[in-house]
Amino acid sequence: MIEVVAFDGDDTLWHHERIFTDISARFRELLKHHVDGNILDEVLLATERSNLKFFGYGVKGFGLSLIETALDVCDGEITGAEVATMLDWIKEMLGDPVELLPGVEETVEALRTTHRLGIVTKGDLFDQEGKIARSGLGERFDHVAIVSEKDETTYLRVFADWGVSPERVLMVGNSVRSDIEPVLAIGGQAVHVPYDITWQHEVVDAPQSDFPVFDDVRRVLGHVERLGRS
Ligand SMILES: [Mg+2]
């Protein structure tokens, strides 16, 4: 019996990764005279990963990693204009319109008549709060948790705050690493709704557990109904 259906935000409720893909392409173009695009991608990913412990997840940390990567691959020889371009990209990303994924609105509307709904999203607090507000979904959710990491400890704390035991939560998300495995590990239920682009850092080669994979978030409705009956 499911009491709370919890959703990831980025690339589950709304588009997110596509702007990173777009900016990464512009970054390759900006520095193509200095470095091969594939090498640049590799250095950027390594820089982002090593910076997570300083900046956490989110657009601002990504922006600092862009600048650091550019300095790195160009031996410090980037211009003020190039830095200004990168800063403009970050502001553009932070103001990117929030576009809901297909089926999200009707799924949320239907579920909220029968279940408590929550959002668990990670990233910059200011950015995530803004996105939830701009999504128009905020008022339809009973709970919102903006967290800096999505691991077992975090989910235990969040669900305790929401007054629900993990066994009565169904988590819906696009990242096996962040949305699915930690929730299953604490006894919750989870369904994977993949997005068509996954950030390399979130890719899991061999998932440890079995879980339903839906190509459309609307299929969560039938799943919740089946869980309710079992
Ligand atoms: Mg996500």
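Before reading further, recall that the structure is shown in the block above.
The rules behind each value
- Residues numbered from 1 in each chain as written.
- Predicted model: local features only at pLDDT ≥ 70, side-chain atom pairs only at ≥ 80, totals over all residues.
- Heavy atoms only, no water.
- Helix = DSSP H or I, 4+ residues; strand = E, 2+ residues; numbered from the N terminus.
- Buried < 20%, exposed > 50% of the residue type's maximum accessible area, 1.4 Å probe, protein only.
- Contact = heavy atoms within 4.5 Å.
- Donors = N, O, S within 2.8 Å, 3.2 Å for Na, K, Ca; no water.
- Core = buried A, V, L, I, M, F, W, Y, C linked by side-chain atoms within 4.5 Å.
- Phe/Tyr/Trp six-rings, centres within 6.5 Å; stacked < 30°, edge-to-face > 60°.

A.B. asks: Explanation requested: the overall build of the chain in the structure shown.
C.D. replies: Regarding its fold elements, the chain presents nine helices and five strands. Ordering the α and β elements of the chain from the N terminus gives β-α-α-α-α-α-β-α-β-α-β-α-β-α. Across the 230 residues in the chain, those meeting the buried criterion constitute 49%. Here the contacts in the chain between residues at least 6 apart in sequence split such that 70% fall between residues at least 24 apart.

A.B. asks: What is the right way to look at the coordination of the magnesium ion in this model?
C.D. replies: Six octahedral donors around a metal ideally subtend angles of 90 or 180 degrees, whereas four tetrahedral donors ideally subtend 109.5 degrees. Here the magnesium ion is held by Asp8 (OD), Asp10 (O) and Asn174 (OD1), and the distances to it run 2.1 to 2.2 Å. Linear spacing of the donor residues for the magnesium ion on their chain is D-x1-D-x163-N. Here aspartate 10 is found in the loop between strand S1 (4–7) and helix H1 (17–30), whereas its partner asparagine 174 is found in the loop between strand S4 (169–173) and helix H8 (176–185), with 164 residues between them in sequence. For the residue pair aspartate 10 and asparagine 174, the accessibility class agrees, reading buried in each case.

A.B. asks: Got a minute to help me understand the nonpolar core in this structure?
C.D. replies: One broad trend across soluble globular proteins is that nonpolar side chains are buried collectively. Of all hydrophobic cores here, the largest spans 25 residues; its most connected members are Val5, Phe7, Leu13, Phe141, Leu170, Val172 and Val220. When residues of this core are traced back to their parent elements, those giving at least two are S1, helix H5 (104–111), strand S2 (116–122), S4 and helix H9 (219–229). Excluding residues that lie within four positions of it along the chain, valine 5 makes contacts with Leu111, His115, Arg116, Leu117, Gly118, Leu170, Val172 and Val224. Core analysis: the next-biggest nonpolar cluster, separate from the first, contains 19 residues, Ile19, Phe27, Val59 and Phe62 among them.

A.B. asks: Explanation requested: the packing of aromatic side chains in the structure shown.
C.D. replies: To describe a pair of aromatic rings, one takes the distance between the centres and the angle between the planes. For the coordinates displayed, the defined rule picks out six aromatic pairs. Consider the rings of phenylalanine 27 and tryptophan 89, whose centres lie 6.5 Å apart with planes at 90°: the pair is edge-to-face. Note that phenylalanine 27 is positioned in helix H1 and tryptophan 89 in helix H4 (residues 80–94), a separation of 62 residues in sequence. The same class applies to phenylalanine 27 as to tryptophan 89, namely buried. Centroid distance phenylalanine 54 to phenylalanine 55: 6.3 Å. Interplanar angle 55°. Geometry classified as tilted. A relative accessible area of 61% places phenylalanine 54 in the exposed class. Residue phenylalanine 55 is classed as partly exposed on the basis of its relative accessible area of 33%. Taken together, the aromatic side chains of Tyr155, Phe159 and Trp162 make up a single cluster linked through ring pairs.

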